[in-house]
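This is what each chain is made of:
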Amino acid sequence: MKKIIAFILALSFMLVLPVSTNALSLDDGIDALKEEFIFGEGPEENGFSIDYRYFSPVGENDKTKYPLVVWLHGLGDGSKDGVQVNKSEIAFWASDEFQSRFKNSGGAFVIAARSREEIGHTWTNEMVEPLRAAIDDFIINHKENIDVKRIYIGGYSMGGKMTLKMAVAYPEMFAAIFPICPAWSPDAEALEYIKNTPVWLTSSKRDPLVNFYFAVNPAWEKLREISEMPENLRFSQLTKVCYATGEKTPSSHHAWFSVNYDMFTTENTDYHYMTTIDATGEEITLTYPDGMISWLSSFKSDYDGKPIDGMGNLDNISSTDNMIALMSLAEFFGTLFEAIISVFSF
């Protein structure tokens, strides 16, 4: 039955509300920024490997140590090389303006990793070790310019799930994480491993595919309860999902466009229909230009950069890998109905 429900969910992603569509270009520079992302490929691990597109901030004779940002796409956006960049606006993080917001370095590497969906690979547990191997390999190949104490990971939908999986598996590796509408609601057993990790969660209250009330908010509440660093937890909640320009996105699932533009509008004002709270429930006022990028780059870990074999802490937990397990059959079809309705809701 779970396989049938999972198939229906996947079909709803493709036929009812695509997980993502090409965003409107906010200026003529977005296409040029996407061209700055270079192809790379990780080593094979357990019969799997991933490829990626990456941006390098390194100039000629540059000895600067830069942070590393790992960006993970949602379901359907890994169909071929390059799609993981073209189907979001993460390329804005390669712009001079956004690069300048990385504190102490004035820039950062950005890896847009890709599960090879064209051959049936999605962000499942089988991809945890290959993704880890790709990050380790990238660090080795750019060791002169990567600050291993400032590695950040984020992503949307299935990529949000993988963000949490990687953080739970290897919490020592990541200085901070930023899951967006994550298609996994970890239980307290899993969240225990990231109770000291800075987390900025983003989700739409009207998300038709990853339900805010059934999946995202319960995980947030569990994390709040066990966190030993509540001052480092943030949750941005959208009541209506728009691009940074203010034009509505095709789906209320597309919360990641707020993160792609660093939590501000194109007018450098508060992001449309978004409220950000901390772990005490107090509202946080974001002051331009200190958004997501400034927050991330303020954190460091004690990571030493040494590669780690295996699944890490995921070997120790019993949490399901399947988002559909969060819902009863009735809840699932209710969520699917919301997906259909949201098309006409603006």
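Residues numbered from 1 in each chain as written. Predicted model: local features only at pLDDT ≥ 70, side-chain atom pairs only at ≥ 80, totals over all residues. Heavy atoms only, no water.

Asker: Which parts of the structure should I look at to understand the pattern of salt bridges?
Answerer: When charged atoms on two side chains of opposite charge get close, those side chains can pair. As enumerated under the stated definition, the model contains 13 salt bridges in all. Two residues, Arg 116 and Glu 41, come together in a salt bridge whose shortest N-O distance is 2.6 Å. With Arg 116 in the loop between strand E4 (109-114) and helix H5 (128-141) and Glu 41 in strand E1 (residues 38-41), this pair connects stretches of sequence that are 75 residues apart. Residue Arg 116 is classed as buried on the basis of its relative accessible area, which comes to 12%. (Salt bridge = Lys/Arg side-chain N within 4 Å of Asp/Glu carboxyl O. Helix = DSSP H or I, 4+ residues; strand = E, 2+ residues; numbered from the N terminus. Buried < 20%, exposed > 50% of the residue type's maximum accessible area, 1.4 Å probe, protein only.)

Asker: Looking at this structure, how should I read the pairing of E4?
Answerer: A large share of E4 lies buried, amounting to six of its six residues. Every second residue of E4 is oriented toward a common face, with Phe 109, Ile 111 and Ala 113 on one face and Val 110, Ala 112 and Arg 114 on the other, all of them buried. Pairing of strand E2 (residues 51-55) with E4, which is carried by five bridges, proceeds in the antiparallel orientation. Within the sheet, the bridge partner assigned to Asp 51 lies in E4 and is Arg 114. Where strand E3 (residues 66-72) lies against E4, five bridges are found, and the strand directions are parallel. Looking at the pairing, Leu 68 lines up with Phe 109 of E4. (Pairing = 2+ DSSP bridges.)

Asker: Can you help me understand the environment of Trp 220 in this one?
Answerer: You can see Trp 220 is positioned in helix H8 (residues 212-226). Taking the C-alpha atoms as reference, Trp 220 lies 8.0 Å from Leu 201; in sequence the two are 19 residues apart. Each residue touching Trp 220, except ones within four places of it in the same chain, is listed here: Leu 201, Leu 233, Arg 234, Phe 235, Ile 277, Asp 278 and Ala 279. (Contact = heavy atoms within 4.5 Å.)

Asker: Would you explain the side chain of Thr 249 in this entry?
Answerer: Within the secondary structure layout, Thr 249 lies in the loop between strand E8 (233-238) and helix H9 (256-260). Judged by its relative accessible area of 1%, Thr 249 is buried. At 3.1 Å, the side chain of Thr 249 and the backbone oxygen of Val 241 are in polar contact. Within polar-contact distance, the side chain of Thr 249 engages the backbone oxygen of Ser 251 at 2.8 Å. (Polar contact = N/O pair within 3.5 Å; in protein donor to acceptor, adjacent residues only side chain to side chain.)

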